[in-house]
Amino acid sequence: MSPSERPGSGDPEVARDIAWMTRAVELAALARPLTAPNPWVGAVVVPAAGGAPFEGMTAPPGGEHAEVSALNQAVTAGAAAGATLYSTLEPCSHHGRTPPCVEAIVAAGVSRVVVGIVDPDEQVRGRGIAALERAGIEVSLGVRADAVAEQLAPYLKHRRTGRPWVVLKMALTLDGRTAPPDGTSRWITGDAARADAHRLRACSDAIVVGAGTVRADDPALTVRHDGVDAERQPMRVVLGAAPAWARVRPALELEGELAGILDELGPRGALQVLVEGGARVAHDFHEAGLVDRYVFYLAPALAGGDDSRPVFAGPGAGDIGGFWRGRLVSVERLGDDLRVEVGA
């Protein structure tokens, strides 16, 4: 039974495990824009004798994994033997761009490893945990598993299905309009919401728009907002042909069924795809049931009529029973705007 499943919320060991795994989740969030196609993982080494912990997070591809980063610090300080290691994701046991994390854990003399969730990658998938247990290391699984699974949702989907996690993002007025009849949309939302949208871009591996949007708006589709770090730029994907003069170039131009396009983007290392429009593309992704998350930035503005442009362009539900219904994942105020995230 994992610590998070043990009865008695007052159990000090359970509380301690939850606290350190929560810190590991926070570290993983810092690594989020940097690591794809590798998972963003956080790790904490807590010395047996007490004292300050040692923290690590996944480096960009080719760099240290979170567990090794934290362990190296602990080893240097002479505090690894008998320590407890917390990792949001199961440590790897295979050779990739870096040596197996399990080897480093065993060599460091760690006595206990606490893991958030099992890694579904076919090269890991329980093998890391089994290797640790064969080495005589106690393993506890499932601490803050829901939070870790939510954080790693794009990675988990990609490893399980080969397809990227699809996020549909739109800025709109309170009456559900994305632009007036003339098509101008800069800016519906304020600076804080736009900065958040660029952070969403920074966490995405590809941005998808229709060729019509490229011709109408000439978007650059880059991460470039003040205060938003861009260690890497997402792949720019146009559904159809982009004009030769378009700022989006160089871009990957694709045609065909949307599901097939996702199947092509997955092997290219796209764990998360951000769909930015236009309204027809948004409708088609929604209608096909391919959207994993909807992120709406709601401005305290009203278009005031039915001639302004909607979020979706295309036929919708014929009756109220056909409405798509999801769940509110989060609601956050950003300046004068609201960020509403909805999932299935």
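The text that follows walks through the structure, step by step, so that each part is easy to find. (Residues numbered from 1 in each chain as written. Predicted model: local features only at pLDDT ≥ 70, side-chain atom pairs only at ≥ 80, totals over all residues. Heavy atoms only, no water.)

1. So, the sheet that holds strand β14 (residues 327–334)
Hydrogen bonds between backbone groups are what pair the strands of a sheet, and the pairing can be parallel or antiparallel. Spatial strand order, β10-β9-β8-β11-β6-β12-β15-β14: eight strands in an open sheet with mixed pairing. Both outer strands of the open sheet, β10 (252–254) and β14, are each paired with one neighbouring strand and no more. Taken pair by pair, the neighbouring strands of this sheet meet at an average axis angle of 25°, ignoring direction. As paired elements, strand β6 (residues 165–173) and strand β12 (residues 293–299) share seven bridges and run parallel to each other. Bridge pairing in β12 links Leu172 to Leu298. (Pairing = 2+ DSSP bridges. Helix = DSSP H or I, 4+ residues; strand = E, 2+ residues; numbered from the N terminus. Axes fitted to C-alpha atoms, helices over the stretch in contact; angles between N-to-C directions.)

2. Some details on the packing of aromatic side chains
Tallied over the entire structure, the rule returns two aromatic pairs. Between the aromatic rings of Tyr294 and Trp324, the centroid separation amounts to 4.9 Å while the plane-to-plane angle is 55°, which identifies the pairing as tilted. Here Trp324 lies in the loop between β13 (309–310) and β14 and Tyr294 lies in strand β12, a separation of 30 residues in the sequence. An aromatic cluster of three or more residues is present, and its members are Tyr294, Phe296 and Trp324. Just above the ring of Trp40 sits the side chain of Arg32; from NZ or CZ to the centre is 3.8 Å. (Phe/Tyr/Trp six-rings, centres within 6.5 Å; stacked < 30°, edge-to-face > 60°. Lys NZ or Arg CZ within 6 Å of the ring centre and 35° of its normal.)

3. A closer look at the sheet that holds strand β2 (residues 54–57)
Spatial ordering of the open sheet is given by β2-β1-β3-β4-β5, a layout of five strands whose pairing is mixed. The sheet is open, and its two borders are formed by β2 and β5 (138–141), each paired with just one other strand. With strand direction ignored, the average angle separating the axes of adjacent strands in the sheet is 15°.

4. A word on the pattern of salt bridges
What the rule picks out here adds up to 19 salt bridges. Residue Asp263 is joined to Arg163 by a salt bridge in which the shortest nitrogen-to-oxygen separation is 2.8 Å. Residue Asp263 is found in helix α9 (residues 258–265), and its partner Arg163 is found in the loop between α6 (153–161) and β6; the two are separated by 100 residues along the sequence. You can call Arg163 partly exposed: its relative accessible area is 23%. Here Arg339 makes a salt bridge to Asp196, at a shortest N to O gap of 2.7 Å. Linking Arg339 in strand β15 (residues 337–343) with Asp196 in helix α7 (residues 191–202), this pair joins segments that are 143 residues apart in sequence. Taken individually, Arg339 and Asp196 each receive the classification buried, so the pair is uniform in this respect. A cluster of three or more residues bridged by salt bridges with shared partners is formed by Glu150, Asp196, Arg199, Arg293, Arg339 and Glu341. (Salt bridge = Lys/Arg side-chain N within 4 Å of Asp/Glu carboxyl O. Buried < 20%, exposed > 50% of the residue type's maximum accessible area, 1.4 Å probe, protein only.)

5. Some words on the packing of helix α2 (residues 66–76) against helix α3 (residues 101–108)
With their axes 10 Å apart at the nearest point, α2 and α3 run at an angle of 20° to one another. As far as their axial angle goes, α3 and α2 are roughly parallel. As for how α2 packs across α3, the hand of that crossing is left-handed. Judged by residue contacts, Glu67, Val68, Leu71 and Val75 of α2 engage Cys101, Ala104, Ile105 and Ala108 from α3. Split by residue class, the contact of α2 with α3 holds seven nonpolar, no polar and one charged. (Parallel < 35°, antiparallel > 145°, perpendicular 65-115°, else oblique. Left-handed = near helix turned anticlockwise from the far one by under 90°. Contact = heavy atoms within 4.5 Å. Nonpolar A, V, L, I, M, F, W, Y, C, P; charged D, E, K, R; others polar.)

6. A few points about the nonpolar core
Residues Val45, Ile105, Val113 and Leu152 are the most contacted members of the largest nonpolar core, which totals 33 residues. Elements represented by at least two residues in this core include exactly α1 (12–31), β1 (42–46), α2, β3 (84–89), α3, β4 (112–117), α4 (127–134) and α6. Among the elements that make up this core, the one with the highest residue count is α2 (four residues). (Core = buried A, V, L, I, M, F, W, Y, C linked by side-chain atoms within 4.5 Å.)

7. Some points on unusual backbone geometry
The peptide bond linking Ala36 to Pro37 adopts the cis configuration, its omega dihedral lying at 10°. The residue Pro37 is located in the loop between α1 and β1 in this model. Backbone torsion omega between Arg249 and Pro250 reads 0°, so that peptide bond is classified as cis. Here Pro250 lies in the loop between β9 (235–239) and β10. The phi angle at Leu221 is positive, at roughly 55°, despite the residue not being glycine. On the secondary structure map, Leu221 appears in the loop between α8 (211–217) and β9.

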